[in-house]
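# A closer look at the structure
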Amino acid sequence: MQESDAKKYIMDNKLTLVSFFLVLLLGVVAVIYPEGTKDFMKEMLALTIIDLGAIFLWYTLLGTLALLFLAFSKYGKLRLGEGKAKYSLVQLFSMALCAGMGASTMYWAYIEVIHYYMDPQFGISAESIKMEYATAFNIFHWGSAGWVINLMVAIPFSVSFHIKKNRTLKLSSVLNNMLDDRMPEWLKKGVDLLFIVTTLSATTLTLGLAIPMISYNVSALTGIPDSLSTGIAIIIGLSLLFSLSSFIGIEKGMSRISGWTIYIAIFLLLYTFIVGPSALVANNVTNSLGILFSEYFRMSLSTDPYGSTHFPQYWTIFFWATWISYSPGVGVFVTKISQGHRLRDVILTLILGGGLSSAFIFGIAGTYAVDLMNQGAVNAVQELSSGEPLRLAHDILSQLPLPELAIAIFLLSMILFCVTTLDATSYSLTGVVTKNLDAEANVMPAYRVFWCGLLTVIPIVFLFINADMDTLKSFPVLIVIPLLPILVILCVKTGAYLSSQFGDMSEGEIEAYRAPAKM
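Model, not experiment: these values are computed from the prediction. Residue positions within a chain follow its written sequence, with the count starting from 1. Predicted model: local features are reported for residues with pLDDT of at least 70 only, side-chain atom pairs are reported and counted for 80 or more only, and whole-chain, interface and lining totals are derived from all residues. In computing side-chain properties, one takes all heavy atoms of the structure into account and sets aside hydrogens as well as water.

### Observations regarding the overall build of the chain
Here is the rule we go by: Where helices and strands are cited, they refer to DSSP runs of H or I of at least four residues and of E of at least two residues respectively, numbered from the N terminus. Any residue under 20% of the maximum accessible area for its type is buried, any over 50% is exposed, and the rest in between are partly exposed; the area is computed with a 1.4 Å probe on protein chains only. Contacts are residue-level and defined by heavy atoms, with any inter-residue pair within 4.5 Å sufficient. Only the protein chains shown count as covering a residue, and every accessible area follows the Shrake-Rupley method with a 1.4 Å probe.
Across its full length, the chain carries 23 helices and 0 strands. Residues counted as buried form 60% of the 519 residues belonging to the chain. A sequence separation of at least 24 residues applies to 85% of the contacts in the chain between residues at least 6 apart. For the chain, the computed accessible surface area is about 20100 Å², with 65% contributed by carbon and sulfur atoms.

In structure tokens, the structure reads:
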């Protein structure tokens, strides 16, 4: 990097160092006290999602209504920044999808529906109805609601950066800007540190799920032992790939890789659809969308207060809490790629695109898995009950024609999803520690590579302590409790700002505001 490039950016080195040593400290504690760490995180997870779970449900539902109002109101025609959009809406969605859903999507695609079948909601006992609602919940948990949660961070950040021209992507700076510069310095540092730890925690869950799945299937294809050293080698390999992608930039790296990732995932799913029970898939997805539309509010606010399974807590509420942990990092990234688009277009593209992509991914993969279970081709319930989700995913993919090819494509999609997710995360973290950004929100490539390296630390620690699913799920969820009030304040103050600045303008005046010049 040239000297002029280094001088172009002013970095918050203190915040970077504190974040680094905090992550290192967490890793050391986990290695020294592995069982204590796992027990503590499980207990805190239960406390969070059971006692405070209703808060997450209301946050998501009210956020959905607020964003839909914003999109269809006159404020929806506000343009984020000046000039034409650098990325099309298709590119925006594909990059946001790869950043916001990641390898976890492929991990759960073929197996999550079986969990819902085994643990039915609403007192359902009939076998056929259990299967129908299982797919509906699968689509619900990965659909539009998650993108609402991401947008509840992305919109305030985008308004602050592109409309108010507050050229920083620090959460503290955006919040302070909306609060008219009334935050004390110590609080701003704490908010930014919370942002970084939350983003690192969310990424840990993605890698924590993806690495064992990749390692298991690499072993099955090649005969290489599925061991700790294999897992670490995979993490190092992934870190090199997304470090390279980060260094060459979003335009040449992330934008292209996200396109490849989407195409490969679509190919695998279309292959599953064509060679699988195509008519059943079409009917089941259609039926599941009908259930989702008719039961949306019930599914959104269900807490099962007198039940004993805690399905809403360990699934719906957990999902919303996990989406919230991802939302700061995804929100910063969406701010970068949304320049030049209208608020309405960004909101509706992500909400509608998120819902449709969820129906496509989980409708096809989930229906295929349930059909194999019904035929007795895979013993899905037994394998999940005995704690073998990796084996179940492999067994399901092995039922496809040309199974080695199907598993190889599945592996490639997971690897690319990991790369794009971590690439976007490294951008977001670099943006947080950069004090000055240009109008296009560019960041220092070398710092992105640094974060790429740091992002691999916690997943390696979890491999060392042999962290189970509950431990992986606990890590990001626990962090969102102090974060949630900050996000609520940010959303409320952003709405107040839009009303005060543009409330007296007509829809036509807002549409003409910063509209790109016609050629």
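Still more ground to cover, so stick around.
### Description of the packing of helix α8 (residues 127-142) against helix α14 (residues 278-301)
Counted only if it meets this: A fitted line through C-alpha atoms represents every axis, and for helices the fit uses only the stretch in contact; the resulting angles, taken between N-to-C directions, go from 0 to 180 degrees. Convention used here: angles under 35 degrees read as roughly parallel, angles over 145 as roughly antiparallel, angles from 65 to 115 as roughly perpendicular, and any remaining angle as oblique. Two helices crossing with the near one rotated counterclockwise from the far one by less than a right angle form a left-handed crossing, whereas a clockwise rotation gives a right-handed crossing. Residues are grouped as follows: Ala, Val, Leu, Ile, Met, Phe, Trp, Tyr, Cys and Pro are nonpolar; Asp, Glu, Lys and Arg are charged; every other residue, Gly included, is polar.
The N-to-C vectors of α8 and α14 enclose an angle of 70°; their axes lie 8 Å apart at closest approach. Between α8 and α14, the interaxial angle falls into the category roughly perpendicular. Read as a crossing pair, α8 and α14 show a hand that is right-handed. The segment α8 lies against α14, with Glu132, Tyr133, Thr135, Ala136, Phe137, Ile139 and Phe140 engaging Asn284, Asn287, Ser288, Leu289, Ile291, Leu292, Glu295, Tyr296, Met299 and Ser300. Of the residues that constitute the contact of α8 with α14, the class distribution is 10 nonpolar, 5 polar and 2 charged.

### Side note on helix α20 (residues 445-454)
The line we're drawing: It is the directions from the helix axis to the C-beta atoms that the arc portrays.
Considered for burial, the residues of α20 that qualify are Tyr447, Arg448, Trp451, Cys452 and Leu454. Relative to the axis of α20, the buried residues are bounded by an arc of 165° and lie together on one face.

### Side note on the pattern of salt bridges
Put simply, the rule is: By definition here, a salt bridge exists when the distance from a side-chain nitrogen of Lys or Arg to a carboxyl oxygen of Asp or Glu is within 4 Å.
The final tally for this structure, using the stated rule, is 11 salt bridges. Glu511 serves as the salt-bridge partner of Lys77, at 3.4 Å between the closest nitrogen and oxygen. Linking Lys77 in the loop between α4 (53-72) and α5 (89-100) with Glu511 in helix α23 (residues 507-512), this pair joins segments that are 434 residues apart in sequence. Beyond isolated ion pairs, a larger network of salt bridges with shared partners links Lys77, Arg342, Asp345, Glu507 and Glu511.

### Section: the packing of helix α11 (residues 185-222) against helix α15 (residues 311-337)
Two numbers describe how α11 lies on α15: the axes approach to 9 Å, and their chain directions differ by 120°. Relative to α15, the crossing made by α11 is left-handed. Where α11 approaches α15, its residues Phe195, Thr198, Thr199, Ala202, Leu205 and Thr206 are matched on the opposing element by Phe318, Thr322, Ser325, Tyr326, Pro328, Gly329 and Val332. Looking at the contact of α11 with α15 residue by residue, the classes come out as 7 nonpolar, 6 polar and no charged.

### Here's the deal with the side chain of Ser288
By the element assignment, Ser288 lies in helix α14. In this structure, Ser288 is in contact with Glu132, Thr135, Ala136 and Ile139, ignoring residues within four places of it in sequence.

### Some points on unusual backbone geometry
The residue Lys165 is not glycine, and still its phi comes out positive at about 60°. Relative to the assigned elements, Lys165 resides in the loop between α9 (144-163) and α10 (171-178).

### Regarding a nonpolar patch on the surface
Condition: Within this analysis, patches are made of residues with over 30% relative accessible area and no salt bridge. Like charges are joined at 9 Å or less; nonpolar side chains (Val, Leu, Ile, Met, Phe, Trp, Tyr) at 5 Å or less.
Together, Trp58, Leu62, Leu65, Phe297 and Leu301 give the surface a local cluster of nonpolar side chains, amounting to about 500 Å² of exposed area. Sorting elements by how many residues they give to the nonpolar patch places α4 first, with 3 residues. As for its placement among the helices and strands, Leu301 is situated in helix α14.

### Quick notes on the confidence of the model for the chain
Filter applied, for reference: Along the chain, pLDDT gives the predictor's confidence residue by residue, from 0 to 100.
On average, residues of the chain score 83 in pLDDT, and 87% of them reach the 70 mark or higher. Mean pLDDT across the elements of the chain bottoms out in helix α1 (residues 3-8) (48) and peaks in α14 (96). This stretch, residues 1-7, has a pLDDT under 50; its non-local contacts, to residues over four places away or in other chains, come to 4 contacts.

### Topic: the packing of aromatic side chains
Condition: Side-chain rings of Phe, Tyr and Trp, where Trp is taken by its six-membered ring, are said to pair if the distance between their centres is within 6.5 Å; with planes under 30 degrees apart they count as stacked, over 60 as edge-to-face, and otherwise as tilted.
Counted according to the given criterion, the structure contains 21 aromatic pairs. With 4.9 Å between their ring centres and 80° between their planes, Tyr116 and Trp315 make a pair best called edge-to-face. Of this pair, Tyr116 sits in helix α7 (residues 112-118) while Trp315 sits in helix α15, and the two are 199 residues apart along the sequence. Taken individually, Tyr116 and Trp315 each receive the classification buried, so the pair is uniform in this respect. For the ring pair Trp315 and Phe319, a centre distance of 6.4 Å and an interplane angle of 25° mean the geometry is stacked.

### Describing α11
Applied cut-off: The span expected for a helix works out to 1.5 Å for each residue beyond the first.
Relative to the 56 Å expected for 38 residues at 1.5 Å per residue, α11 spans 54 Å between its end C-alpha atoms, a close match to the ideal helical length. Once α11 finishes, Gly223 follows within two positions and takes phi at roughly 85°, a positive value.

### Overview of the environment of Val159
Along the chain, Val159 falls in helix α9. Accessibility expressed as a relative area gives 0% for Val159, which makes it buried. Taking C-alpha positions, Val159 is 9.9 Å from Gly495, a pair spaced 336 residues apart along the chain. The residues contacting Val159, other than those within four sequence positions of it, are Leu80, Lys164, Met178, Thr494, Tyr497 and Leu498.

### Structural notes on the environment of Gly81
Considering the arrangement of structural elements, one finds Gly81 in the loop between α4 and α5. Judged by relative accessible area, Gly81 falls into the buried class, the value being 5%.

### Focus on the environment of Glu82
As for its placement among the helices and strands, Glu82 is situated in the loop between α4 and α5. Along the primary structure Glu82 and Tyr513 are separated by 431 residues, whereas in three dimensions their C-alpha atoms are 9.2 Å apart.

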